[in-house]
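# Descriptive analysis of the structure
Given next are the chains, with one letter for each unit.
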Amino acid sequence: MASSMILYWGSGSPPCWRVMIALEEKNLQGYQQKLLSFEKNEHKSEPVMAINPRGQLPSFKHGDKIINESFGACLYLENQFKSQGTQLIPDSAAEQALVYQRMFETLTLQQKMADVIYYTWKVPEGERHDSAVKRNKEALSAELQLWEGYFQKMDAGSYAAGKNFTMADVMVFPQIAYAFRFGLSQEKFPKLEEYHNLVKERSSVQASWPPHWKETPQGMEILKDL
């Protein structure tokens, strides 16, 4: 079953990490995988381009079925292996609604984080403006405060959408972990830190933890002043 799956992935990429967590949660260990280097431009290699003309990671194939977008791949795995492993989409309409809401809100968090973290990498030096950096950081700070507020309203030990680990956590945890990797203050965002500490001990997360994060636990501190 899992042996007919292949995942091309990059270490530390939240979209890649989502798919790996979902595979672990659905007890699909044993899938084929290939760790590629963004720095070496391996995500533009022929095997990846053959199934993903965008040349992006993750790139995922199950038999003859290709699902490269992380949200799509995770939902596919849940739907195809519904009775196996962790149920990631609850049956209750109310619980399901909150899971979907938090799942797709993650895309806003992801974009606002990218606007800050990747600004100096993607914008040529001559086109950078302090006003843009300030604006992007303010937008990200407001977004993170929104998520901090979500957890403040929930019971201690809650996951992103309630008492159970769900697809909402598969989606948002990699982004929260990424934020702390880039220097997000634990003191300023204590509820996000509690959530981070809760989920990072989960076996699916430990099994898929980015290899280079283990080698160098402390990343850059781009977000330390948020």
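A few points on the structure. (Residues numbered from 1 in each chain as written. Predicted model: local features only at pLDDT ≥ 70, side-chain atom pairs only at ≥ 80, totals over all residues. Heavy atoms only, no water.)

On to the sheet that holds strand S3 (residues 59–62), then. Within the open sheet, the four strands sit side by side as S2-S1-S3-S4. Their pairing is mixed. Looking along the sheet, the strands with just one partner apiece sit at the ends: strand S2 (32–36) and strand S4 (65–66). Examined bridge by bridge, strand S1 (residues 5–10) and S3 share four bridges and lie antiparallel to one another. Within the sheet, the bridge partner assigned to Tyr 8 lies in S3 and is Ser 59. Set on the sheet, helix H1 (residues 14–25) makes contact with S1, S2 and S3; between it and S1 the angle comes to about 140°. (Pairing = 2+ DSSP bridges. Helix = DSSP H or I, 4+ residues; strand = E, 2+ residues; numbered from the N terminus. Contact = heavy atoms within 4.5 Å. Axes fitted to C-alpha atoms, helices over the stretch in contact; angles between N-to-C directions.)

Okay, helix H7 (residues 167–181) next. Its 15 residues place the ends of H7 22 Å apart at the C-alpha level, agreeing with the 21 Å of an ideal helix rising 1.5 Å per residue. Approximately 30° is the largest bend angle found in H7, and it occurs at Phe 173, with the proline Pro 174 only one to four residues beyond. Within H7, 15 of the 15 residues are buried, leaving the element largely enclosed by the surrounding structure. Of the residues flanking the end of H7, it is Gly 183, one or two places downstream, whose phi is positive at about 95°. (Expected span 1.5 Å × (residues − 1). Bend = angle between axes of the 7 residues up to and from the residue. Buried < 20%, exposed > 50% of the residue type's maximum accessible area, 1.4 Å probe, protein only.)

Further remarks concern the side chain of Arg 181. As for its placement among the helices and strands, Arg 181 is situated in helix H7. At 8.4 Å, Glu 215 is the nearest oppositely charged side chain to Arg 181, a buried residue that forms no salt bridge. Setting aside its immediate chain neighbours within four residues, Arg 181 contacts His 212, Trp 213, Thr 216, Pro 217, Gln 218, Gly 219 and Met 220. (Lys, Arg positive; Asp, Glu negative; His and termini not counted. Salt bridge = Lys/Arg side-chain N within 4 Å of Asp/Glu carboxyl O.)

With that settled, the discussion passes to the pattern of salt bridges. Counting across every chain of the model gives nine salt bridges. Close ionic contact of Lys 137 with Asp 225 constitutes a salt bridge, the shortest N to O distance being 3.3 Å. With Lys 137 in helix H6 (residues 130–152) and Asp 225 in the segment after helix H10 (211–215), this residue pair connects regions lying 88 residues apart in the sequence. Under the relative-accessibility criterion, Asp 225 is labelled partly exposed at 49%. Note that Lys 224 is salt-bridged to Glu 221, the shortest N-O span being 3.7 Å. A relative accessible area of 51% places Lys 224 in the exposed class. Overall, the relative accessible area of 43% leaves Glu 221 in the partly exposed class.

Another point: the nonpolar core. Formed by 65 residues in total, the largest nonpolar core has its most connected members in Leu 23, Leu 77, Met 167 and Leu 192. For this core, the secondary structure elements donating two or more residues are S1, H1, helix H2 (46–51), helix H3 (70–80), helix H4 (93–117), H6, H7 and helix H8 (190–200). Looking at this core, the element that brings in the most residues is H7, giving eleven residues. What Leu 23 contacts, discounting residues up to four positions off in sequence, is Met 5, Leu 7, Leu 28, Gln 29, Tyr 31, Phe 60 and Leu 77. (Core = buried A, V, L, I, M, F, W, Y, C linked by side-chain atoms within 4.5 Å.)

This part is about the packing of H7 against H8. At a minimum axis distance of 10 Å, the contact between H7 and H8 shows a crossing angle of 115°. Of the two possible hands of crossing, H7 and H8 adopt the one that is left-handed. Judged by residue contacts, Asp 169, Val 172, Phe 173, Ile 176, Ala 177 and Phe 180 of H7 engage Leu 192, Glu 193, Tyr 195, His 196, Val 199 and Lys 200 from H8. Of the residues assigned to the contact of H7 with H8, the class counts are eight nonpolar, one polar and three charged. (Left-handed = near helix turned anticlockwise from the far one by under 90°. Nonpolar A, V, L, I, M, F, W, Y, C, P; charged D, E, K, R; others polar.)

We now examine the packing of aromatic side chains. Scanning the entire structure with this criterion turns up eleven aromatic pairs. On the numbers, 5.3 Å between centres and 50° between planes, the contact of Phe 71 with Phe 104 is tilted. Taken as a pair, Phe 71 in helix H3 and Phe 104 in helix H4 lie far apart in primary sequence, 33 residues in all. According to the relative accessible area criterion, Phe 104 is partly exposed, its value standing at 41%. Judged by centre distance (6.4 Å) and plane angle (25°), the ring pair of Tyr 178 and Trp 213 falls under stacked. On the criterion of sequence distance, the pair formed by Tyr 178 in helix H7 and Trp 213 in helix H10 is long-range, its members being 35 residues apart. A network of ring pairs unites the aromatic residues Trp 17, Phe 151, Phe 173, Tyr 178, Phe 182, Tyr 195, Trp 209 and Trp 213 as a single cluster. We note Arg 102 situated over the ring of Tyr 150; from NZ or CZ to the ring centre the distance is 3.6 Å. (Phe/Tyr/Trp six-rings, centres within 6.5 Å; stacked < 30°, edge-to-face > 60°. Lys NZ or Arg CZ within 6 Å of the ring centre and 35° of its normal.)

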